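What follows is the residue order along each chain.
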Amino acid sequence: MAELRGATAFLTGAAQGLGAAIARAYAREGLRLALVDVQADKLHRLADELRAAGADCLPLLADLSDAGETQRAVDAALAQYGAPRVLVHNAALLIQRSMLEITLADWQKETNIILQAAFILSKAVWQPMIAAGGGSIVYVSSGSGIKGFVQEVAYCPAKHGQEGLMKVLALEGEAFNIAVNTITPGAPINTPMSAANYTEEQKQAWIDPALLAPAFVYLAGLDTSSMTGQRLNAWELSRSLRPA
Ligand SMILES: NC(=O)c1ccc[n+]([C@@H]2O[C@H](COP(=O)([O-])OP(=O)(O)OC[C@H]3O[C@@H](n4cnc5c(N)ncnc54)[C@H](O)[C@@H]3O)[C@@H](O)[C@H]2O)c1
């Protein structure tokens, strides 16, 4: 496992929810952070909080549905910090719409954030990670990455696409010590996305996303000899990492 203190994480969807929990955990581990999100106020508040606690972080405002903005954000992160030890693509948008309701523009927006951005970000860090001797790429997936759900006409195929991209890049990354994995929360989490989509019954059982952070810390230090090409469960992995 690689040393994390002083290494760098690029993290998308950092402004709230699971992403903010990962950012706080990474800052505690001493990782330098490039934090990408489309919500300016929340992103800058988080960056102020992390800096006040001593973290080195760079908030980058970008709409990840736009290829140019995505490329500019990752280029700025690379210019500031060089190759990341870990790239976590966590940003996603889920707007439940049936096939009758959804437009091509809606479909493209959700799939671009989830899948196109996964490609652009991974492509941008690939060569720098090779030059650095390796790294870890993580896509935050979902049950929708392996199953169909009604009204997820865009989210579901995009999450399936991330699973496919992970499988290919894990094979290609093996030679360069770039571990590529997906991870699903594995438990209902209390986040703004959940608040918008869960039933009242599901909200009774939701947990603080900070409880999933240990899995992401583990993934940040990963080498291909430990794990690559896997679809992981953040809740199970985090519990297995708890000290006995
Ligand atoms: N909440 C759940 O129950 C659940 C279940 C399975 C998987 N997931 C996955 O976990 C991850 C985190 O989910 P969450 O619940 O914290 O979601 P959330 O909606 O609370 O947070 C997502 C973050 O992504 C950002 N984002 C959205 N569109 C963006 C864009 N165009 N450009 C840049 N940033 C953008 C948002 O601003 C937000 O900060 C997502 O990948 C989601 O698909 C969540």
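For the structure itself, consult the block above.
Here's a quick rundown of the structure. Note that the coordinates shown come from a computational prediction; the quantities given were computed from them, not determined experimentally.

**Description of the environment of G54**
Structurally, G54 is set in the loop between α2 (40-52) and β3 (57-61). According to the relative accessible area criterion, G54 is exposed, its value standing at 66%. Taking the C-alpha atoms as reference points, G54 and C156, separated by 102 residues in sequence, lie 38 Å from one another.

**A few points about the site of the ligand**
The local shell around the ligand holds 28 residues, among which D37, N90, Y155, T191 and Y198 are the closest. Residue Q39 places a side-chain N or O atom 2.9 Å away from an oxygen atom belonging to the ligand. Residue A62 places a main-chain N or O atom 3.4 Å away from a nitrogen atom belonging to the ligand. Look at the ligand: alone it shows 830 Å² of surface, and the protein chains cover 93% of it. At the level of secondary structure, the elements contributing two or more residues to the shell around the ligand comprise α1 (17-28), α5 (155-173) and α6 (192-197). The greatest single-element share of the shell around the ligand, amounting to three residues, is contributed by α6.

**Examining the sheet that holds strand β7 (residues 231-233)**
In any sheet, the strands associate via hydrogen bonds between backbone groups, in a parallel or an antiparallel arrangement. Strand order across the open sheet formed by seven strands is β3-β2-β1-β4-β5-β6-β7, with parallel pairing between neighbours. Because the sheet does not close on itself, it has two edges, and the strands there are β3 and β7. For this sheet the average axis-to-axis angle between neighbouring strands, irrespective of direction, equals 20 degrees. Across four bridges, the pairing between strand β4 (residues 86-89) and strand β5 (residues 135-140) is parallel. Its bridge partner lying in β5, V86 is registered against S136. This element, α5, spans β4, β5, β6 (178-184) and β7 of the sheet and lies at about 155 degrees to β6.

**Comments concerning the pattern of salt bridges**
The tally for this structure, following the rule as stated, stands at six salt bridges. The partner of R85 in a salt bridge is D223, and the shortest N-O contact between them spans 3.8 Å. Remark: D223 occurs in the loop between α8 (213-220) and β7 and R85 occurs in the loop between α3 (67-81) and β4; sequence separation between them is 138 residues. Owing to a relative accessible area of 10%, R85 belongs among the buried residues under this scheme. The exposure class of D223 is buried, given its relative accessible area of 18%. For the salt bridge of R231 with E163, the shortest nitrogen-to-oxygen distance reads 2.7 Å.

**A word on helix α9 (residues 234-241)**
Listed in full, the buried residues belonging to α9 are A234, W235, L237 and S238. Along α9, the residues classed as buried sweep out an arc of 165 degrees about the axis, all on the same side.

**Examining the packing of α3 against helix α4 (residues 104-132)**
Put simply, α3 and α4 touch, their axes get as near as 10 Å, and they point 30 degrees apart. Classified by the interaxial angle, the pair formed by α3 and α4 is roughly parallel. Crossing geometry of α3 relative to α4 is assigned as right-handed. Between α3 and α4, the contacting residues are A67, T70, Q71, V74 and L78 on the first element and Q116, A117, I120, L121, A124, V125 and P128 on the second. Residue composition of the contact of α3 with α4, by class: nine nonpolar, three polar and no charged.

Each value, and the rule that gives it
- Residues numbered from 1 in each chain as written.
- Predicted model: local features only at pLDDT ≥ 70, side-chain atom pairs only at ≥ 80, totals over all residues.
- Heavy atoms only, no water.
- Helix = DSSP H or I, 4+ residues; strand = E, 2+ residues; numbered from the N terminus.
- Buried < 20%, exposed > 50% of the residue type's maximum accessible area, 1.4 Å probe, protein only.
- Near = heavy atom within 4 Å.
- Polar contact = N/O pair within 3.5 Å; in protein donor to acceptor, adjacent residues only side chain to side chain.
- Areas by Shrake-Rupley, 256 points an atom, 1.4 Å probe, with all protein chains shown as cover.
- Pairing = 2+ DSSP bridges.
- Axes fitted to C-alpha atoms, helices over the stretch in contact; angles between N-to-C directions.
- Contact = heavy atoms within 4.5 Å.
- Salt bridge = Lys/Arg side-chain N within 4 Å of Asp/Glu carboxyl O.
- Arc of directions from axis to C-beta.
- Parallel < 35°, antiparallel > 145°, perpendicular 65-115°, else oblique.
- Left-handed = near helix turned anticlockwise from the far one by under 90°.
- Nonpolar A, V, L, I, M, F, W, Y, C, P; charged D, E, K, R; others polar.

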